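Examination of the molecular architecture
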Amino acid sequence: MPADRLRVEVAGRTLELSNLDKVLYPAAGFTKGEVIDYYTRVAPVLLPHLSDRALTRIRFPNGVDGGSFFEKNAPAATPSWVRTETLPAPGSTKGRESIDYVVADELPTLVWLANLAALELHTPQWRIGAYPDMMVVDLDPGPPAGLRQCCRVALLMRDRLADDGIDSYPKTSGKKGMQLSCPIAGTQPADVVSGYARRIAQELERASPKLIVSKMARKLRAGKVFIDWSQNSAAKTTVAPYSLRAQPVPSVSTPLTWTEVEAGGAGKRPSVRPYTAAEVLTRVAEQGDLLAPLLTGGPELPG
């Protein structure tokens, strides 16, 4: 075996890892071996959020400063033990009628993906063969707005959703914004979920027009937070909690407490910010999975 390759056993599967010293985050000196180590250690809280969901990956074979590509189809030489599901691909840019998606249900699959430099992991709001069991709203700040303004909007959204009996759970995007995830019953199609999210976003925009915008046009976003309700389209995906992001440092889409969001909205220190892989592992050790309630289902959305 070449010197840059290492054969390992992971939960009963044999994998060949390569180029472990290759730096994937040059500004931080963070290597592929450290990426694999992070995903291995965070797997107990990450895998339940990936389970039974079609996985889209963003791969960075030459690191975050090199080129990247989205990958939905299972790559060539996918091991036979990796779960794949053939699903329709409406609107595929490559004209495909279906895609063989990878489903990351177990640790060996996660390690295999990390070895392919699949840094970012994105999932839809639905599990395979089912209606959405989660509603997501993406909070995207238009400069000079930032995470402080996102926190303020998140609190407004939380309180409005609570009026309808909908619980919401915040996380950072790992970049400049935030997302709120809401467990729902899984009995309503994506267009109903998206329509409800749009309705609430428009309502909040009318109440706080200087802070919130619900329209997608970028020219309207300066200094405001765009509530992206369209994340609930059946064709859309959202970065998974605990996924790495392709930033100069290995930042992570990080679950938050509402206490942290309240402090962030008030500008208190320490404020909400992008957290690194090492910080997230510490947070998980101390707090467990703050998004565990997403896994147990929720109510139907009101009509």
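Going by an unreviewed UniProt entry, the protein chain carries the name Bifunctional non-homologous end joining protein LigD and comes from Salinispora arenicola.

Regarding the overall build of the protein chain
Along the backbone of the protein chain there are 6 helices and 17 strands. Against the globule reference of 19 Å for 303 residues, the protein chain gives a C-alpha radius of gyration of 19 Å, in line with a compact fold. Referenced to the eigenvectors of the C-alpha coordinate spread, the extents of the protein chain come out at roughly 65 × 45 × 35 Å. Here the protein chain holds 303 residues, and 51% of them are scored as buried. Long-range contacts, defined here as pairs at least 24 residues apart, represent 69% of the contacts in the protein chain between residues at least 6 apart. Only carbon and sulfur atoms are counted for the fraction: they give 52% of the accessible area of the protein chain, which is about 13,400 Å². Of the charged side chains in the protein chain, 36 are positive and 32 negative; the average position of the first set lies 7 Å away from that of the second.

Structural notes on the sheet that holds strand E13 (residues 212-213)
The 5 strands lie next to each other as E11-E12-E10-E14-E13, forming an open sheet whose pairing is mixed. At either margin of the open sheet sits one strand with a lone partner, and together these are strand E11 (169-172) and E13. Pairing analysis gives 6 bridges linking strand E10 (residues 134-141) to strand E12 (residues 178-183), with the strands arranged antiparallel. Bridged to methionine 135 within E12 is cysteine 182.

Some remarks on the pairing of strand E9 (residues 118-123)
Burial of E9 is extensive: 6 of the 6 residues sit out of reach of the surface. Strand direction decides the pairing type here: strand E5 (residues 56-59) and E9, joined by 4 bridges, are antiparallel. Along E9, the bridge assignment pairs isoleucine 58 with glutamate 120. Relative to strand E15 (residues 238-239), E9 runs antiparallel, the two being bridged by 2 bridges. If you follow histidine 122 over to E15, its bridge partner there is valine 239.

As for the nonpolar core
Within the largest apolar cluster, 76 residues are counted, with the highest numbers of intra-cluster contacts made by Tyr38 and Tyr39. Looking at this core element by element, the count peaks at 10 residues for helix H1 (residues 32-50). The residue makeup of this core includes at least three contributed by each of domain 1 (5-123) and domain 2 (134-295). Not counting residues up to four positions away in its chain, the partners in contact with tyrosine 39 are Leu46, Leu110, Ala114, Ala118, Leu119, Leu121, Tyr242, Ser243 and Leu244.

The rules behind these values
Residues numbered from 1 in each chain as written. Predicted model: local features only at pLDDT ≥ 70, side-chain atom pairs only at ≥ 80, totals over all residues. Heavy atoms only, no water. Helix = DSSP H or I, 4+ residues; strand = E, 2+ residues; numbered from the N terminus. Rg over C-alpha atoms; globule rule 2.2 N^0.38 Å. Buried < 20%, exposed > 50% of the residue type's maximum accessible area, 1.4 Å probe, protein only. Contact = heavy atoms within 4.5 Å. Areas by Shrake-Rupley, 256 points an atom, 1.4 Å probe, with all protein chains shown as cover. Lys, Arg positive; Asp, Glu negative; His and termini not counted. Charge placed at Lys NZ, Arg CZ, Asp CG, Glu CD. Pairing = 2+ DSSP bridges. Core = buried A, V, L, I, M, F, W, Y, C linked by side-chain atoms within 4.5 Å. Domains from an automatic or database assignment.

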